[in-house]
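# Architecture at a glance
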Amino acid sequence: MSQKNRIEGGQINRDKVLNFTFDGKRYSGNAGDTLASALLANGVRLMGRSFKYHRPRGPLTAGSEEPNALVQLRSGALQEPNTRATTAELFDGLSATSQNRLGTLSFDLLAVNDRLSNFLTAGFYYKTFMWPKAFWEKLYEPVIRRAAGLGSLSLKDDPDVYDKGFLHCDLLVVGAGPAGLMAALTAARSGADVILADEDFAMGGRLNSETLTIGNEAGADWAAATVAELASLPNVRLMPRTTVIGAFDHGIYGAVERMNDHLAVPQSGKPRQILWRIYTKKAVLAAGAIERPIAFANNDRPGVMTASALRSYANRFGVAVDRRAVIFTNNDDGYRSAADLHAKGIRVTVVDPRADVSVLKDYEVLSGAQVIDTMGRLGLTFVKIRLADGEERTIECGALGVSGGWNPNVHLTCHQRGRPRWDDGLAAFVPADLPAGMRVAGAAAGDLSTAGALAGGARAAQEALELDGAMPPLPEAEDAPVNITPFWYVKGDGRAWLDQQNDVTVKDVRLSHQEGFRSVEHLKRYTTLGMATDQGKTANMGGLAVMAELAGKAIPEVGTTIFRPPYTPVAIGALAGRHRGTEFHPTRLTPSHVWAKEQGAVFVEVGNWMRAQYFPRSGEENWLDTVNREVLATRNSVGVCDVTTLGKVDVQGADAADFLNMIYCNGFAKLAVGKVRYGLMLREDGIALDDGTAARLAEDHFVVTTTTANALPVYRHMEFVRQCLVPDMDVQLISTTEAWAQYAVAGPNARRVLEQIVDQDISNDAFPFMACGNVTICGGLRARLFRISFSGELAYEIAVPTAYGDALMRRIMEAGAAFDITPYGTEALGVMRIEKGHATGNELNGTTTAANLGMGRMVSTKKDSIGAVLSRREGLNTETDLRAVGVKPVDSVQRVPAGAHLMALEGPVDATRDQGYLTSACYSPNLGHHIALGFLKDGANRLGETMRVVSPLTDEVVTVEICSPHFIDPEGERLRA
Amino acid sequence: MIIDHPLLGPRDSSEFTYLGDASLIDRPDPAGEDASSDFYDYAYLRDNPAGWHKELWFHEAGDRSWLVVTRNTVTHEISKVELASDVARAQGRSK
């Protein structure tokens, strides 16, 4: 297709033609085009439909502030909704589709909303969809969701790869316009490490869109030469296509670099986007300024743009949006647009509401005039003007450039709650409180002239880096003053858009004011002004001005809403980086993992660990069959289980025993070398923190174990006590969880298995219950042996350096073959500990005390320990305190649900009659019925009582008998065998 | 945020775990006359200032030092970073 609106000049590469499609139709553009400029070159102004009213919309801008021209790029799983056509770099084969329409873009069935606009005003949802209540979920919301909104997701997994990276620099320069380039150049020549980031694919900022000169060359050429010099310096990193999205604490900036978005075929092995964390010593914000529109009736038709956008399309992209243009401006910069368009052969009329402007130009100027309306169903065809004398005039044109002045881009200066300051001369907010280390230069600082930008950039770099010497010589450039008379909206009856993306009009702001929403933050939430994906970059100022006028206040009195990161929308994928799917967090494998996999184990995630849950065998119908077999085999002969994941902390030093006395509520000072003791840790508030064992391997050496889940917090707590409470104790801690592979060998035949492996005598006399020691195995490998039992059976835990873990498991299985040794997983482990009445995380659940757990007497009164004082509080020591109990169903075939509550046998069921609750439940293959552990008020004195277990969640009521929590071998004969 | 570790230099705050008010170092005397109410204060009552605050950070992904960081909770400015063990000793804690 011909590019009928393509004109001479610009920075596009006319030799490189790129073919693309929009809504299935084929077009061609050139290298250097954006999707928007290429479509405009082809005479396409209509690019989308508005959010609420489905009004036809075209681009308002030529940059990232774009509210209207949002499209979907690519297709299938790669589909990317809500992409701004004004920043999407054109590539050959690009396919884009319009969004938020029902039917075609030119015939959108939902445009009926526009006819209903009298009803769809601010607060419409709140007022209309109040009742009937059920209608909201079933009718209103689905319909509204279908009609309103932007693009849609592919609902497929994103096949792209994203990455994260870290950068460091002396100076980060944000924005590569004249100020940014000059700042980067000044800094780079001093030898500083400089990063220059710009969201555009071509560095140069406004210089690429202007006909200005710098020195004796075109501004764009000066920019190109400066970029070339910067690129040649080893201390400079140029980052085009990189948006700095946030200014965070201590000079850390976030930035998103788009690596592949502009390529038809992504570079293989390269991520699509990289989220950079940039650590800076200093930063210069040179983010430029954004031209703001003026509101008037029907100011949202395709073809109505900011004046500087028309100028950019003409100067940078060689596109005349139309050969006849009107410029509506309240400031002198509008005349720059007019002059540039005029020079390109476009017929221009300037409409200026100021009464006293000179009309002596090469083009027509209407002083004291206002644009009062526009016409054109799918794009601008006529502009209606009220002249100074009150007469009306209509001009036929397809392009209307609007300039209400320029807003310095203060966004990043406000990310740490800084508030901008109102500048009367510019009629705009300028930066005031800056984040530490940040300087602002150029238009972002309110220096709107090119000379001001160059000088400001150089000065900012000099000050930031504390460079000595005079200012570098600056090339000559225009230094025109800003001349503006604030003018925000044209009064009239028609709908005048402030926020085009969220369809907020002057009327909506007026209505919200009438209804009492006087704070700017309330205005924002009620009307949704500035809440769209563009965050109101072109809208907020107008809304504030209208609000100020209604309230009879000055604009600075009304204030601004808070600017928050990110500066422009960021793909969720970029924030996730590589932390997706199985890589969401690290996966830790136990030393026996490979072996367990060979056995066909089913694994379960426990924190970051993968633990064997059970080891199914053929013929077993479900997991319960497997678990029952594993439990019975262990209790009847011998089983083996990987317990490496339990936390292990090595405690060494002359004061090691005193230290353990401090962290455990029970005493450790008198524990003999070669012995293990159960220990209970409390929090300082008297609640149980964790439990485990401490084995004394030498006078000054203990090995402490923690539960798997608490390995990290307990270690942290121990270090806290050591460093913050007892800093002079001679004690050192190190986590050795990963250093040792540890297996529990349990069951009546456990000793017979280990006798074949351990070189030393492990008979009951030589190595009784709760013994521990350094041993050797298999003829010399150092190992640790602990005679401890979680299952309640005769049991050992044996530990070897992790590298030998796999070999040890295979050796144990070999030695145990004669006894039909059975590997068991976490399920069987759980069943056996419930049968034995051992507490675990379910019981140490952050609300229970040592007394609740039936271990109240363990809290030593003879020594200080963490939590001891508050554990003696009156409130934690009443007669009706919860006590650990066991529970079994009266009818032995019934299940007992964990989490259920204990209630009296008779009477109503409600929270006030709650007697306690169940924490752990399972089927006991040894007893042949379900069992549970729980807490019951005064439970220790209520054994034998019959109660109800009530689970409103699962709608179960079971009659149970309260019993001892030790279902198996309460005297502990087995473990001492 | 960046925490200037007294031994390791500037480190990113993501390497640290936050605990809270550094008054946790001032554990009361369990044998004191008012031990019960002192411990109640110690365990439950914290200042929550908008401004300068001494707080405990643990270099969990680093050298496992507990640090006392003096930080402005409004601006996140950090004025001082000390080893908690030094602070504890200076406050008279020993064994």
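Residues numbered from 1 in each chain as written. Chains lettered and ligands numbered in written order. Predicted model: local features only at pLDDT ≥ 70, side-chain atom pairs only at ≥ 80, totals over all residues. Heavy atoms only, no water.

Residue and element names in this part refer to chain A. The strand order across the open sheet formed by 5 strands is 17-24-18-19-20, and the pairing between neighbours is parallel. Whereas interior strands pair on both sides, the edge strands pair on one side only; in this sheet they are strand 17 (304–306) and strand 20 (364–367). Taking the axes of each pair of neighbouring strands and ignoring which way they run, one obtains an average angle of 20° across the sheet. Inspection of the sheet shows strand 18 (residues 324–329) paired to strand 19 (residues 347–352) by 5 bridges, in the parallel sense. When the bridges of strand 19 are listed, Phe328 appears paired with Val351. Along the sheet, helix 7 (residues 307–315) contacts strand 17, strand 18 and strand 24 (399–403); its crossing angle with strand 17, the most-contacted strand, is approximately 90°. Across the sheet, helix 8 (residues 333–343) lies against strand 18, strand 19, strand 20 and strand 24, angled at about 170° from strand 18, the strand it touches most. (Pairing = 2+ DSSP bridges. Helix = DSSP H or I, 4+ residues; strand = E, 2+ residues; numbered from the N terminus. Axes fitted to C-alpha atoms, helices over the stretch in contact; angles between N-to-C directions. Contact = heavy atoms within 4.5 Å.)

Residues and elements named next belong to chain A. Burial within strand 2 (residues 25–31) is extensive, with 5 of its 7 residues counted as buried. Here strand 1 (residues 13–22) pairs with strand 2 via 7 bridges, running antiparallel. For Thr21, the partnering residue across the bridge sits in strand 2 and is Arg26. Turn length for the strand 1-strand 2 hairpin, with the two strands adjacent in sequence and antiparallel, is 2 residues, and the turn residue Asp23 shows positive phi of about 50°. (Buried < 20%, exposed > 50% of the residue type's maximum accessible area, 1.4 Å probe, protein only.)

To continue, consider the domain arrangement of chain A. Residue and element names in this part refer to chain A. Partitioning chain A into structural domains gives domain 1 (1–152), domain 2 (162–289 + 408–465), domain 3 (293–404), domain 4 (487–551) and domain 5 (878–977). Between domain 1 and domain 4, the contact holds 22 residues from the first and 16 residues from the second. Here domain 1 and domain 4 share an interface that buries about 1,600 Å² over both sides, 50% of which is from carbon and sulfur atoms. On the surface where domain 1 and domain 4 come into contact, there are 1 salt bridge. For Asp503, the salt bridge goes to Arg57, with nearest N and O atoms at 2.8 Å. Taken together, the connections running from domain 1 to domain 4 amount to 7 residue pairs in polar contact (both at pLDDT 80 or more). (Domains from an automatic or database assignment. Buried area = accessible area lost by both parts, 1.4 Å probe. Salt bridge = Lys/Arg side-chain N within 4 Å of Asp/Glu carboxyl O. Polar contact = N/O pair within 3.5 Å; in protein donor to acceptor, adjacent residues only side chain to side chain.)

A few words on the UniProt feature "domain: GCVT N-terminal" (unreviewed entry) in chain A. UniProt feature "domain: GCVT N-terminal" (unreviewed entry): in the numbering of this structure it lies at residues 593–863 of chain A. Annotation note: span residues 593–863 of chain A, helix share 26%, strand share 28%, distance between end C-alpha atoms 43 Å. (UniProt positions renumbered as here; feature names shortened; annotations may be inferred.)

The next point concerns the sheet that holds strand 46 (residues 901–903) of chain A. All names here are of chain A. Read once around its circumference, the closed barrel built from 6 strands follows the order 45-48-47-46-49-50, with strand pairing classed as antiparallel. The mean inter-strand angle of the sheet, taken between neighbouring strand axes irrespective of direction, is 45°. Pairing geometry for strand 46 and strand 47 (residues 916–924), over 2 bridges, is antiparallel. Across the sheet, the residue bridging to His901 is Tyr917, located in strand 47. Lying over the sheet, helix 21 (residues 826–836) contacts strand 47 and strand 48 (929–937), oriented at roughly 120° with respect to strand 47.

With 34 residues of chain B at the interface, the matching set in chain A holds 30 residues. Taken together, the two surfaces of chain B and chain A that pack against each other cover about 2,700 Å², and 57% of this comes from carbon and sulfur. Together, Arg27, Trp66 and Lys95 of chain B form the three largest contributors to the area buried by chain B at its contact with chain A, with a combined 23%. Linking chain B to chain A there are 6 salt bridges. The residue Arg27 of chain B makes a salt bridge to Glu684 of chain A at a minimum N-O spacing of 2.5 Å. Where chain B touches chain A, the interface holds 19 residue pairs in polar contact (both at pLDDT 80 or more).

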